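# Commentary on secondary and tertiary structure
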Amino acid sequence: MSFQVNKIREDFPILDQLVYKHKLVYFDNAATTQKPRQVIDAVKYYYEHDNCNIHRGVHFLSQRATGVFEDTRSEIKQFINAASPAEIIFTKGTTESINLVAHSFGKKFLSPGDEILISVLEHHSNFVPWQEICKEQGAILKFIPLDNRGDIDMEVYKTLLNEKTRLVAIAHSSNVLGAVNPVAEIIRLAHLQNIPVLVDGAQAIAHLPVDVQKLDCDFYCFSGHKMYAPMGIGVLYGKEKWLEEMPPYQTGGEMIQDVFFDHTTFNELPYKFEAGTPNVEGVYGLREAIHYLQKINMNEFGEYEKQLVDYTLDKFSRIKGLKVIGNPRERAGLISFLLEGIHPYDAGTLIDKMGIAVRTGHHCAMPLMEYLKIPGTIRASYSFYNTFEEIDRLAEALETVKKIVG
Ligand code: 7TS
């Protein structure tokens, strides 16, 4: 194995600890990834050297921090291959990015009887904002079903696109089934009818190279904390032609050009969508996280993560009573499963006592649970710092759970 996992683990101080007297195994990376020392140091550096409010001061610190903030915007533009830094809007995370589009795009472009199309596997963050804006505007929310593998049913998708569809919103990768959705084809088909597409990239951004121009998506959303950066910072990418037309989401400082007693004019992109003091420490951390991902090479660790998943599927196939949920054509970094006759919550609690952190429950995708007619799942989600030995420990732990509960 050429991938230097032990060397990489040294960068993640949190991994080196005991939990209930066992060496910690962290398999909850889809919820949030751990942070390398380089990211932690960048946040510390900001507070020790550059802390101040940005864009507003003529003084030295403000200029330096503003420089890093805007340089990071340009680095993100490169990282996802946007056409311009004006298309990169800093948000709190994926949830805020989607809410921004739902409210701003929705208010401007949604009329009674119009349709928004999402899939049944969406995280609540790419579900509830659309449900709410549809309710407000009198529009209709429609759902793309799954095929028998748990992948998006592309045949039905084609039939759902019509002249009333105003937008398609779809996860790049599912946080429950692990499926990488065929977003390029989804976008191509929608564009044949001039329908814009928003991609929820929360689960994809840390596992796959993302090229928004190649995908030709209209919006792409992601969170820093799922890609080794701090919490509370994220990105909305939007094509300039849409962002120019959309009204502000929040109002206040920074997003204005001029304010008069009777009206206000708005700032240019991207500032029109960045009201108030932003999360500057988060941007410092996000910049370092991107450097880190570039340093360890996305193609290499993507291959390694795939090997972790294949190894797990092989191990799991030999555990009696274990059922993997979904069998997607392409999978990114996670596996959901159930143990026959054992509630996922009970299994998760017992596994935790063996030092292994997995996620159990509906994973903020209650409609998908209803659709699949299951109460929840146990989910193991990986990062490039996980190891084959840790997967062996999970498999052993599951056998122990079966003995205890069975
Ligand atoms: N979209 C997807 C596909 C997600 O997996 C998540 C978070 C979000 C949106 C929301 O991201 P946030 O950073 O704005 O909260 N998913 C999970 C999860 O699977 N377990 O905890 C959070």
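In short, a report on the structure.

What counts and what doesn't
- Residues numbered from 1 in each chain as written.
- Predicted model: local features only at pLDDT ≥ 70, side-chain atom pairs only at ≥ 80, totals over all residues.
- Heavy atoms only, no water.
- Helix = DSSP H or I, 4+ residues; strand = E, 2+ residues; numbered from the N terminus.
- Buried < 20%, exposed > 50% of the residue type's maximum accessible area, 1.4 Å probe, protein only.
- Contact = heavy atoms within 4.5 Å.
- Lys, Arg positive; Asp, Glu negative; His and termini not counted.
- Charge placed at Lys NZ, Arg CZ, Asp CG, Glu CD.
- Pairing = 2+ DSSP bridges.
- Axes fitted to C-alpha atoms, helices over the stretch in contact; angles between N-to-C directions.
- Near = heavy atom within 4 Å.
- Polar contact = N/O pair within 3.5 Å; in protein donor to acceptor, adjacent residues only side chain to side chain.
- Areas by Shrake-Rupley, 256 points an atom, 1.4 Å probe, with all protein chains shown as cover.
- Nonpolar A, V, L, I, M, F, W, Y, C, P; charged D, E, K, R; others polar.

Right, let's get into the overall build of the protein. Regarding its fold elements, the protein presents 14 helices and 17 strands. Judged by the C-alpha coordinates and their principal axes, the protein covers about 70 × 55 × 35 Å. Counting every position in the protein, which comprises 406 residues, the buried fraction comes to 57%. A sequence separation of at least 24 residues applies to 71% of the contacts in the protein between residues at least 6 apart. Each charge class in the protein can be summarised by its mean position, and for the 42 positive and 52 negative side chains these summaries are 5 Å apart.

With that settled, consider the sheet that holds strand 7 (residues 165-171). Sheet architecture is open: seven strands sit in the order 4-10-9-8-7-5-6, paired in mixed fashion. Each edge of the open sheet is held by one strand with a lone partner, namely strand 4 (88-91) and strand 6 (140-144). Between one strand axis and the next, the sheet turns by 20 degrees as a mean value, whatever way the strands run. Relative to strand 9 (residues 219-223), strand 8 (residues 197-200) is paired through three bridges, and the arrangement is parallel. Residue pairing in the sheet places Val199 in a bridge with Tyr220 of strand 9. Sitting on the sheet, helix 5 (residues 128-137) is in contact with strand 5 (115-119), strand 6, strand 7 and strand 8, with an inclination near 145 degrees to strand 6. Lying on the sheet, helix 7 (residues 183-191) is in contact with strand 7 and strand 8; it crosses strand 8 at an angle near 165 degrees.

Contacts to the ligand come from 15 residues, most closely from Thr95, Asp200, Ser223, His225 and Arg379. The contact in question runs from an oxygen atom of the ligand to an N or O atom on the side chain of Thr95, over 2.5 Å. Between Ser223 and the ligand, the recorded distance is 2.7 Å, taken from a side-chain N or O atom to an oxygen atom. Bound to the protein, the ligand loses 88% of the 490 Å² it would expose on its own. Of the residues that constitute the shell around the ligand, the class distribution is three nonpolar, eight polar and four charged.

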